[in-house]
Amino acid sequence: MHFEIVDESRYDEVLNYLRNHFHDEPLNVAVGLFKKGQTCQLLENYDMDTMRDGYSIIAIDPDTNKIAGAMLNAISSLGDPELELERMKCIDDIEFHRLMGLLLRHNSDAQLFRKYNVEKIFELRILSVDSDYRGRGLGQELVKRSEELAREHGFTVLKVDATSFFTQKILEKFGFETVKTVVYHDYRDADGKYIYNTPPPHDTYKIMTKVLSNEPVHV
Ligand code: ACO
């Protein structure tokens, strides 16, 4: 597998890849923001902002020259979760509110910048592996490379909104710790129906962090 940092020449290819390989992320399955192959403009704006930070990584299969996996990373600054929550007030899309609003509210509550006394946090935002390549350690490799990249650029705190049980398992292997656990089935609408009816085994969303020491990355 060949790995590279995403630059402008790959943006469209990555967006197209995610349309076809990120639809089964558990929160998206639950709220139905987009289905396989569909475009969700709000999500793609978020993906574009993330890629423009210049820390996203893709895995390319050298045999096909196609993307096999992606880890989109970005830098979050002090005050960003609150700013984004404010911006969301202008967005009239219930699915996007349910998905992104959940993450932003819990991030704001967690007060991570104060907790770690930093102004910047390296966020591992979107992890996706093409279903043809899953279960072979590619997700793990993308996380490892993201951590190395953060380290090279001098970041000391990594954060992930781990909405998938599989991602949580990967992160635990790398020494990430859980700052906050949100149980999806704790949320019900006015009729008592689950708002986040995620497929098993994805029962929780966890905010997970890792404070970097000078040790190299290994599992
Ligand atoms: N069943 C059980 N355990 C699994 C499975 C599975 N289907 N897939 C992954 N795991 C667990 C295993 O514990 C595995 O470790 P092990 O092999 O030592 O047992 C660990 O995850 C790592 O597996 P990888 O092979 O490195 O992961 P993979 O390349 O399959 O990618 C990923 C995992 C990215 C979650 C993939 O399933 C995917 O793209 N899912 C859809 C999108 C998604 O949910 N993304 C994550 C959302 S959270 C976020 O983006 C930050």
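Provided above is the structure to which this section pertains.
Residues numbered from 1 in each chain as written. Predicted model: local features only at pLDDT ≥ 70, side-chain atom pairs only at ≥ 80, totals over all residues. Heavy atoms only, no water.

(A) Structural view of the site of the ligand. For the ligand, the set of nearby residues contains 26 residues, the closest of which are L127, V129, G135, G137 and K173. Within the backbone of R136, one N or O atom sits 3.2 Å away from an oxygen atom of the ligand. Contacts to the ligand include K173, whose side-chain N or O atom sits 2.3 Å from an oxygen atom. Look at the ligand: alone it shows 970 Å² of surface, and the protein chains cover 77% of it. Listed by contribution, the elements that provide at least two residues to the shell around the ligand are β4 (120-129), α7 (138-152), β5 (157-162) and α8 (165-173). Here the shell around the ligand is composed, by residue class, of 10 nonpolar, 8 polar and 8 charged. (Near = heavy atom within 4 Å. Polar contact = N/O pair within 3.5 Å; in protein donor to acceptor, adjacent residues only side chain to side chain. Areas by Shrake-Rupley, 256 points an atom, 1.4 Å probe, with all protein chains shown as cover. Helix = DSSP H or I, 4+ residues; strand = E, 2+ residues; numbered from the N terminus. Nonpolar A, V, L, I, M, F, W, Y, C, P; charged D, E, K, R; others polar.)

(B) Seen up close, the sheet that holds strand β3 (residues 66-77). Spatially, β1-β2-β3-β4-β5-β7-β6 is the arrangement adopted by the 7 strands of the open sheet, whose pairing is mixed. Every other strand in the sheet has two partners, leaving β1 (2-5) and β6 (177-183) as the edge strands with one partner each. Strand-to-strand twist across the sheet, computed as the mean angle between neighbouring axes with direction ignored, equals 20 degrees. Relative to strand β7 (residues 204-211), β5 runs antiparallel, the two being bridged by 6 bridges. Among the inter-strand pairings, D161 is bridged to a residue of β7, identified as I207. Docked against the sheet, helix α5 (residues 94-110) engages β5, β6 and β7, running at close to 45 degrees with respect to β7. Lying over the sheet, α8 contacts β4, β5 and β7, oriented at roughly 20 degrees with respect to β7. (Pairing = 2+ DSSP bridges. Axes fitted to C-alpha atoms, helices over the stretch in contact; angles between N-to-C directions. Contact = heavy atoms within 4.5 Å.)

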